[in-house]
Amino acid sequence: MIGFLLNRLGHGVLIMLGVVVAIFFLFNVLPGDPVALLAGQRSDLATREAISTELGLDKPLPEQLLFYLNDISPISVHAAAAANQEKYEYTPLLSFGQNVLVLKTPYLRRSFQSNKKVTAILLDHLTGTLWLAGAAMLLATVLGISFGIIAALKPHSWLDHLLISTSVLGISVPSFVAAILIAITFGFYWSHVTGLSLTGQLYEIDAFTGKHLVLRNLILPAFALGIRPLAVITQLTRSSMIEVLSQDYMRTARAKGLPSYRVVVGHGLKNALNPVITAVSGWLASLMAGAFFIEYIFNWKGIGAVTIHAVENLDFPVVMGATLFIAFLFVLINILVDVLYALIDPRVKL
């Protein structure tokens, strides 16, 4: 198992390295002058040269890539200087000459607009995106498995046709289109009935009670984001359950006189969940990326909204940092799913 895990981690590191190189060269050919964005149009030559040196922009492109890789690597080498200690906030591991081997959080540079650290910006907005993606995935998983079981127990009935037709519609409609329709219908026209609004944040500040959690603001964006995975999980659960229900061991369980819910849940669902686990794990990372437009439509404070704002303002470090973060989530979740499969089914390790 250790060898299997190390193999997956090695693949993950190589994938992240490829993503970093691709992102670096992509953003280095885009228009825009980082020095001008940071220093301002009326800055003097000395200020521009200092910023260019700090960002490594005065070096050839291959050296800039190595400089960037050294910045985002958690284990890296830096000059043993107080300025670097303050900049990278590292923990020294080994000193040699003028340099030091350090352990640090990846340094994703600073925002061109606010001059704040990109890591701090992403962490500040991460909570909203995690709540949104988690709520959407929970909604999609619970309802999708439930609808899939209902459809499988009544195949070719009107209820089965209704659930499958609805799931096909859910897959076909893009998330941002569904989000607009949901926002207008339930957050505007029917807001007096639902009590929901077009926009809102996870936390609201009251003059008397202070900061408090407002879960009702999560309902509409989570529903809009969870429609597509809900449809996919419904169809996967139905297909898998229909296949499992026809197996001999299911007939044996019924013949033993076991209650129907134990036969369906204890024997059937347990053996039908493998493709559902694959869908849930894949969609969880996808929802983190797919939340971008949902957050923008509902004015939700998350990584997606701040990234779109950064794109509009050519704030490349924020866009690059968000892209790397989403890529890291994809890699991490895929590794965890591979390990989970290996624990459930030892044949996977072969």
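Residues numbered from 1 in each chain as written. Predicted model: local features only at pLDDT ≥ 70, side-chain atom pairs only at ≥ 80, totals over all residues. Heavy atoms only, no water.

### Overview of the pattern of salt bridges
Scanning the model with the defined rule gives four salt bridges in all. In this structure, Arg109 engages Asp71 in a salt bridge whose closest nitrogen and oxygen atoms are separated by 2.8 Å. Residue Arg109 is located in the loop between strand E3 (99–103) and helix H6 (118–153), and its partner Asp71 is located in helix H4 (residues 61–72); the two are separated by 38 residues in the primary sequence. A single burial state applies to Arg109 and to Asp71, both of which are buried. Of the charged contacts in the structure, one is a salt bridge between Arg238 and Asp160, with a shortest N-O distance of 2.7 Å. (Salt bridge = Lys/Arg side-chain N within 4 Å of Asp/Glu carboxyl O. Helix = DSSP H or I, 4+ residues; strand = E, 2+ residues; numbered from the N terminus. Buried < 20%, exposed > 50% of the residue type's maximum accessible area, 1.4 Å probe, protein only.)

### Things to note about the sheet that holds strand E2 (residues 91–96)
Hydrogen bonding along the main chain pairs the strands of a sheet, whether they run parallel or antiparallel. Spatial ordering of the open sheet is given by E1-E3-E2, a layout of three strands whose pairing is antiparallel. What marks the edges here is a single partner per strand, and that holds for strand E1 (75–79) and E2. Each strand axis lies, on average, 30 degrees off the axis of its neighbour in the sheet, ignoring direction. As judged from the five bridges shared by E1 and E3, these two strands associate in the antiparallel manner. If you follow His78 over to E3, its bridge partner there is Val100. (Pairing = 2+ DSSP bridges. Axes fitted to C-alpha atoms, helices over the stretch in contact; angles between N-to-C directions.)

### Brief notes about unusual backbone geometry
If you check the backbone angles, Arg109 has positive phi at about 75 degrees while not being a glycine. The exposure class assigned to Arg109 is buried, which follows from its relative accessible area of 14%. The phi torsion at Asn299 lies on the positive side, around 55 degrees, for a residue other than glycine. With respect to the element layout, Asn299 can be found in the loop between helix H13 (274–297) and helix H14 (303–312). The class of Asn299 is partly exposed, set by a relative accessible area of 47%.

### Description of the packing of H6 against helix H7 (residues 158–172)
Packed helices, taken two at a time, are described by their axes: the angle between them and the distance between them. Close contact between H6 and H7 brings their axes to 8 Å; oriented N to C, the two are set at 140 degrees. The two elements H6 and H7 meet at a crossing, and its hand is left-handed. Side by side, H6 and H7 meet where Phe147, Ile150 and Ala151 of the first sit next to Leu159, Asp160 and Leu163 of the second. In terms of residue class, the contact of H6 with H7 is built from five nonpolar, no polar and one charged. (Left-handed = near helix turned anticlockwise from the far one by under 90°. Contact = heavy atoms within 4.5 Å. Nonpolar A, V, L, I, M, F, W, Y, C, P; charged D, E, K, R; others polar.)

### Quick look at the nonpolar core
Counting 64 residues, the largest nonpolar core has Leu132 and Met241 as its most contacted members. Looking at this core, the element that brings in the most residues is H6, giving 12 residues. Domain assignment of the residues forming this core places at least three in each of domain 1 (1–72) and domain 3 (118–344). Discounting residues that sit within four places of it in the chain, Met241 has contacts with Ile149, Ala152, Val264, Gly268, Leu269 and Ala272. (Core = buried A, V, L, I, M, F, W, Y, C linked by side-chain atoms within 4.5 Å. Domains from an automatic or database assignment.)

### As for the packing of aromatic side chains
Evaluated as defined, the whole model comprises six aromatic pairs. Judged by centre distance (5.4 Å) and plane angle (80 degrees), the rings of Phe24 and Phe25 are edge-to-face. Cluster of aromatic residues (ring-pair linked, three or more members): Phe24, Phe25 and Tyr68. (Phe/Tyr/Trp six-rings, centres within 6.5 Å; stacked < 30°, edge-to-face > 60°.)

### Quick word on the pairing of E2
Relative to E3, E2 is paired through five bridges, and the arrangement is antiparallel. In the strand pairing of E3, Thr91 is matched with Leu103.

### Re the UniProt feature "transmembrane region" (unreviewed entry) in the protein
Using the residue numbers shown here, the UniProt feature "transmembrane region" (unreviewed entry) corresponds to residues 12–30, 130–150, 162–190, 276–298 and 318–344. Its end C-alpha atoms 25 Å apart, residues 162–190 is made of 90% helix and 0% strand. (UniProt positions renumbered as here; feature names shortened; annotations may be inferred.)

### Comments concerning H14
Within the sequence span of H14, burial applies to Ile303, Gly304, Val306, Thr307, Ile308 and Ala310. Positioned one or two residues after H14, Leu314 has a phi angle of 55 degrees, which is positive.

### Quick notes on the environment of Ile294
Its place among the elements puts Ile294 in helix H13. As a C-alpha pair, Ile294 and Leu225 span 69 residues in sequence and 6.7 Å in three-dimensional space.

### Focus on the packing of H6 against H14
Across the interface, H6 lies against H14 with an axial gap of 7 Å and an inter-helix angle of 135 degrees. By the angle between their directions, the pair H6 and H14 is classed as oblique. In this structure, H6 contributes Ile121, Leu122, His125, Leu126 and Thr129 to the contact, and H14 contributes Ile303, Gly304 and Val306. Counted by class, the contact of H6 with H14 contains five nonpolar, three polar and no charged residues. (Parallel < 35°, antiparallel > 145°, perpendicular 65-115°, else oblique.)

### Considering the side chain of Asp160
Tracing the sequence through the fold places Asp160 in helix H7. With relative accessibility at 2%, the residue Asp160 sits in the buried group. Within polar-contact distance, the side chain of Asp160 engages the backbone nitrogen of His156 at 2.8 Å. Residues in contact with Asp160, not counting those within four places in the same chain, are Ala151, Lys154, Pro155 and Arg238. (Polar contact = N/O pair within 3.5 Å; in protein donor to acceptor, adjacent residues only side chain to side chain.)

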